[in-house]
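A closer look at the structure
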Amino acid sequence: MFESSWIIALMVVVVGTMGALAIRHVLIRAALDVDGEPPLIGESEPAGASMLSGLSRTRAALAAGLARAFLKDASEAERYEALEEALIGADVGVQTSLEIVEGLRASGASSGSEAELREALRGELLSRMDADTSLIERDKAPLVLLVVGVNGSGKTTTIGKLAHRYKKEGKKVLLAAGDTFRAGAIEQLQVWGERVGVPVVAHQEGADPAAVLFDGIRAGISRGMDVVICDTAGRLQAQSQLMDELGKVVRVMDKALPGCPHEVLLVLDATIGQNALSQAKAFKDVVGATGIVLTKLDGTARGGVVVAVQAQMGLPVKLIGLGEGVDDLRAFEAAPFVDAMLALPSGSLQS
C-alpha cells in the first residue's frame, strides 16, 4: 500500500513538472513575440521594390502636403506651409522641418517649377544624411558588435538577421546572449542561432550580463570567429541604474578584448517617431552608440525620423528593417531612401 502511494505521488510530481515545463514553453513563445518570431529563411523582394513598399505609409503621409505645395495657384507662403506640415507629419521633426523649409526659402525654390522644387527638397533632405553609413570593419578578427535598445524595438530579431547577413558574406559568426533578464530572451537568441546556423554563448537566466559577454568574446577569440555579436537587456533610458549597468558591460567587454566593442548599434523602432531622439541621446551618452538600426519602417508613416535622428543626433542610420524576411535588414543608402519618400524613381529628380 505504501509502495503504491509512493508511485502515485511520484506520478503526480512528474505530471506537475511536465505541466510546468509546458507553461514555461508557452510563456517563452509569448516572449518571443515581443520582437517577433524568427521568420523562415527565404528570398526577399529586390532592394528597390522593398524600399518602395516599405516606405509606402511614409510616402502617403507626405503625398497630401506635397500635393498642396505643388498646386499652381498656391502662394509662396501656402507652399512653404504645406511643405512644413508634410515633413512634420512624416516625423522629420519640427526643428529639422523648419530648417529644411528655411533652406528652400533661401534658395528661392518655390518660384521655379514643380520639378525644381522637388529637386531642391531632395537636396535639402540628402544634405542632412551625409554621414558614413557603412558598418565598421576590422582587419584583425574578431569584430565585436554590441547591440542595444529598449524592449520591443526588434533588437534580438535584428541580431539574428545581422548574423545571417555576415554569414552570407562568408564570415564565422558567434552570438553572445547578454539579455539575461527578459523571460525567454536567451531562448529567442538560441532559436535565431539555430535558424541561421551560428553558435550562441549563453548562461542561465538571471546571470551577470557582463560575464556572459566576456565569455562570448573570449570564446570568439579562441574559436577563430570573424564576428561576435553581443545582445543586451532592453534598457529604458529613464532608468539611470540600468543604464549605468550597461556602461559596466562596455567596460568589461574592453577587458575581454581591448578596444571593443568596435561598433555599438542602437536599435530604434521607427513607429515611435520623435521619441527615438531621446533614446538615441541616452544611449549615445552612456555607451557611445556609433550607429542606428531603424526597424519596422514598413509599418509606419513616420519614416522621416531617419532624417531627424541623423540631423539632430549626428548618428548615422546604418541599417533599416523593411519587412519580416531574414534578408529584409538592408544597408541604409540615403539617395534611394529619399527617392522612395518622395515617390521618385531611384536617382531621379522627376515626379
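Broken down by element type, the protein chain carries 13 helices and eight strands. Burial analysis of the protein chain (351 residues in total) assigns 50% to the buried set. Long-range contacts, defined as pairs at least 24 residues apart, comprise 76% of the intrachain contacts of the protein chain with a sequence gap of at least 6. Looking at the protein chain as shown, the accessible area adds up to about 15,500 Å², and 56% of this sits on carbon and sulfur atoms.

Here we come to the pattern of salt bridges. Applying the stated criterion across every chain yields a total of eleven salt bridges. Between R122 and D339 there is a salt bridge whose closest N-O contact spans 2.6 Å. Of the two residues, R122 is situated in helix α6 (residues 114-127) and D339 in helix α13 (residues 334-341); the sequence distance between them amounts to 217 residues. By relative accessible area, D339 is classed as buried at 0%. Each of the salt bridges in this network shares a partner with another, and the network as a whole consists of K155, D179, R182 and D231.

Attention now moves to the nonpolar core. Ranked by internal contacts, the top residues of the largest apolar core, which has 73 residues, are L83, L121, C230, M253, L294 and L297. Beyond its immediate stretch of four places on either side in the chain, M253 contacts V144, L146, L213, I217, C230, C260 and P261. Formed by 24 residues, the second largest nonpolar core is a distinct cluster that contains L145, L162, I229 and V267.

What follows covers the sheet that holds strand β7 (residues 317-321). Sheet architecture is open: eight strands sit in the order β3-β2-β4-β1-β5-β6-β7-β8, paired in mixed fashion. Two strands in the sheet have a free side with no partner beyond their single neighbour: β3 (200-201) and β8 (329-331). Alignment of strand β5 (residues 263-269) against strand β6 (residues 291-295), held across five bridges, turns out to be parallel. By the bridge assignment for β6, D269 is matched with T295.

Another point: the packing of α6 against α13. Direction vectors running N to C along α6 and α13 enclose 135°, while the axes themselves pass 10 Å from each other. Comparing the axis directions of α6 and α13 gives the class oblique. When you trace α6 past α13, the crossing you get is right-handed. Here R122, L125 and L126 of α6 come into contact with α13, specifically with A334, A335, V338 and D339. When its residues are assigned to classes, the contact of α6 with α13 shows five nonpolar, no polar and two charged.

To continue, consider the pairing of strand β1 (residues 143-148). Counting buried positions along β1 yields six of six residues, so the element is predominantly enclosed. On β1, burial covers both faces: L143, L145 and V147 on one face and V144, L146 and V148 on the other are all buried. Direction of pairing for β1 relative to strand β4 (residues 227-230): parallel, over a ladder of four bridges. In the strand pairing of β4, L145 is matched with I229. With four bridges joining them, β1 and β5 adopt parallel strand pairing. Residue pairing for β5: V148 is matched across the bridge by L266.

What follows covers the side chain of K161. Note that K161 resides in helix α7 (residues 155-168). Residue class for K161 comes out buried when judged on its relative accessible area of 8%. Beyond its immediate chain neighbours, meaning those up to four positions away, K161 contacts W192, G323, E324, G325, V326 and L329.

The subject of this paragraph is α13. Residues lying three or four places apart along an α-helix face the same way, a consequence of the helix completing one turn every 3.6 residues. Burial analysis of α13 places six of its eight residues in the buried class, the great majority of the element. The complete set of buried residues in α13 reads A334, F337, V338, D339, A340 and M341. Looking one or two residues beyond α13, the residue adopting positive phi is A343, at roughly 60°.

Time to look at the pairing of β4. The side-chain alternation of β4 yields two buried faces, one formed by V227 and I229 and the other by V228 and C230. In the sheet, strand β2 (residues 173-176) pairs with β4 via four bridges, with the strands oriented parallel. When the bridges of β4 are listed, L175 appears paired with I229.

So, about the confidence of the model for the protein chain. When pLDDT is averaged along the protein chain, the result is 78, and 77% of the positions lie at 70 or above. Contacts from residues 20-49, a stretch scored under 50 in pLDDT, to residues over four places away or in other chains number 50 contacts. Throughout residues 347-351 the model reports pLDDT below 50, and contacts reaching past four residues in sequence, or to other chains, amount to 14 contacts.

As a further point, take unusual backbone geometry. With glycine set apart, most residues show a phi of negative sign, and most peptide bonds adopt trans. The linkage connecting A141 with the following residue, P142, adopts the cis geometry, with an omega of 0°. Mapped onto the elements, P142 comes out in the loop between α6 and β1. Residue P261 is bonded to the preceding C260 through a cis peptide linkage, with omega at 5°. Along the chain, P261 turns up in the loop between α10 (240-256) and β5.

Criteria and thresholds
Residues numbered from 1 in each chain as written. Predicted model: local features only at pLDDT ≥ 70, side-chain atom pairs only at ≥ 80, totals over all residues. Heavy atoms only, no water. Helix = DSSP H or I, 4+ residues; strand = E, 2+ residues; numbered from the N terminus. Buried < 20%, exposed > 50% of the residue type's maximum accessible area, 1.4 Å probe, protein only. Contact = heavy atoms within 4.5 Å. Areas by Shrake-Rupley, 256 points an atom, 1.4 Å probe, with all protein chains shown as cover. Salt bridge = Lys/Arg side-chain N within 4 Å of Asp/Glu carboxyl O. Core = buried A, V, L, I, M, F, W, Y, C linked by side-chain atoms within 4.5 Å. Pairing = 2+ DSSP bridges. Axes fitted to C-alpha atoms, helices over the stretch in contact; angles between N-to-C directions. Parallel < 35°, antiparallel > 145°, perpendicular 65-115°, else oblique. Left-handed = near helix turned anticlockwise from the far one by under 90°. Nonpolar A, V, L, I, M, F, W, Y, C, P; charged D, E, K, R; others polar. pLDDT = per-residue confidence, 0-100.

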